[in-house]
Amino acid sequence: MSEHRHNHSHSHKHTKDVSNRLARAIGHLQKVKDMVDTGEDCSDVLIQLAAVKSALNNTGKLILKDHLEHCIVHAVEEGDEEMLSELNNAIDKFIK
């Protein structure tokens, strides 16, 4: 985790949507665990896992969009090059 502290609030317009998407992804992941525990077909488990991965990727894109629209705009306005470096690092880890 980074030690960089932002000097602005983190109120984003997509917070509720992100939270809802994460709750759904948690539910899907629990379903995958239940499927494994009950010995369901591997193909069905893999399809459900693909849905979880897609849900998480789409949630990550939404968080990135919020970050670009809010935090990065603020960082550019303030000349905060460390924040831009952190964004590049976060993107590298997210896309990995």
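Reading guide: rules and limits
Residues numbered from 1 in each chain as written. Predicted model: local features only at pLDDT ≥ 70, side-chain atom pairs only at ≥ 80, totals over all residues. Heavy atoms only, no water. Helix = DSSP H or I, 4+ residues; strand = E, 2+ residues; numbered from the N terminus. Buried < 20%, exposed > 50% of the residue type's maximum accessible area, 1.4 Å probe, protein only. pLDDT = per-residue confidence, 0-100. Expected span 1.5 Å × (residues − 1). Bend = angle between axes of the 7 residues up to and from the residue. Contact = heavy atoms within 4.5 Å. Core = buried A, V, L, I, M, F, W, Y, C linked by side-chain atoms within 4.5 Å. Axes fitted to C-alpha atoms, helices over the stretch in contact; angles between N-to-C directions. Parallel < 35°, antiparallel > 145°, perpendicular 65-115°, else oblique. Left-handed = near helix turned anticlockwise from the far one by under 90°. Nonpolar A, V, L, I, M, F, W, Y, C, P; charged D, E, K, R; others polar. Salt bridge = Lys/Arg side-chain N within 4 Å of Asp/Glu carboxyl O.

Visitor: Help me understand the overall build of the chain in this model?
Guide: Regarding its fold elements, the chain presents 3 helices and 0 strands. The linear arrangement of helices and strands in the chain, starting from the amino end, is α-α-α. Taking all 96 residues of the chain together, 22% fall into the buried category.

Visitor: Before we go on, may I ask you to explain the confidence of the model for the chain in this structure?
Guide: Interpretation of the predicted coordinates at a detailed level should be avoided for regions scoring low in pLDDT. Taken over all residues, the pLDDT of the chain has a mean of 85, while the share at 70 or more is 88%. Mean pLDDT across the secondary structure elements of the chain bottoms out at helix H3 (residues 81-95), with 87, and peaks at helix H1 (residues 15-37), with 94.

Visitor: Quick question: what am I supposed to make of helix H2 (residues 42-78) here?
Guide: Helical periodicity: at 3.6 residues per turn, an α-helix aligns residues three or four positions apart in one direction. Look at H2: 51 Å from first C-alpha to last across 37 residues, which is about the 54 Å you get at 1.5 Å a residue. Along H2, the sharpest change in direction is near 40 degrees and occurs at Leu 68. Where H2 is buried, its residues touch H1 and H3. Backbone geometry just downstream of H2 places Gly 79 in the positive-phi region, at approximately 70 degrees.

Visitor: How should the nonpolar core be read in this particular structure?
Guide: Burial of nonpolar side chains together is a common tendency in soluble globular proteins. Residues Cys 71, Ile 72, Ala 75, Met 83 and Leu 87 constitute the largest nonpolar core, which totals 5 residues. Sorting the residues of this core by element identifies H2 and H3 as the ones contributing at least two each. For this core, the element with the most residues is H2, which contributes 3 residues.

Visitor: Would you explain the packing of H1 against H2 in this entry?
Guide: The relative placement of two packed helices is expressed as an angle between their axes plus a distance between the axes. At a minimum axis separation of 9 Å, H1 and H2 run at an interaxial angle of 165 degrees. Here H2 runs roughly antiparallel to H1, going by the angle between their axes. In the packing of H1 onto H2, the handedness of the crossing is left-handed. Where H1 approaches H2, its residues Thr 15, Asp 17, Val 18, Arg 21, Leu 22, Ala 25, His 28, Leu 29, Lys 31, Val 32, Met 35 and Val 36 are matched on the opposing element by Asp 44, Val 45, Gln 48, Leu 49, Val 52, Ala 55, Leu 56, Asn 58, Thr 59, Leu 62, Ile 63 and Asp 66. When the residues that make up the contact of H1 with H2 are grouped by side-chain class, the tally is 14 nonpolar, 5 polar and 5 charged.

Visitor: Honestly, the pattern of salt bridges in this entry has me stumped. Any pointers?
Guide: Side chains that differ in sign of charge can pair as their charged atoms come close. Taken as a whole and judged by the stated rule, the model has 2 salt bridges. One salt bridge in this structure joins Lys 33 and Asp 37, with 2.8 Å as the shortest N-O distance. In this pair, Lys 33 and Asp 37 both sit in helix H1, 4 residues apart, roughly one turn of the helix. Overall, Lys 33 belongs to the partly exposed group, its relative accessible area being 45%.

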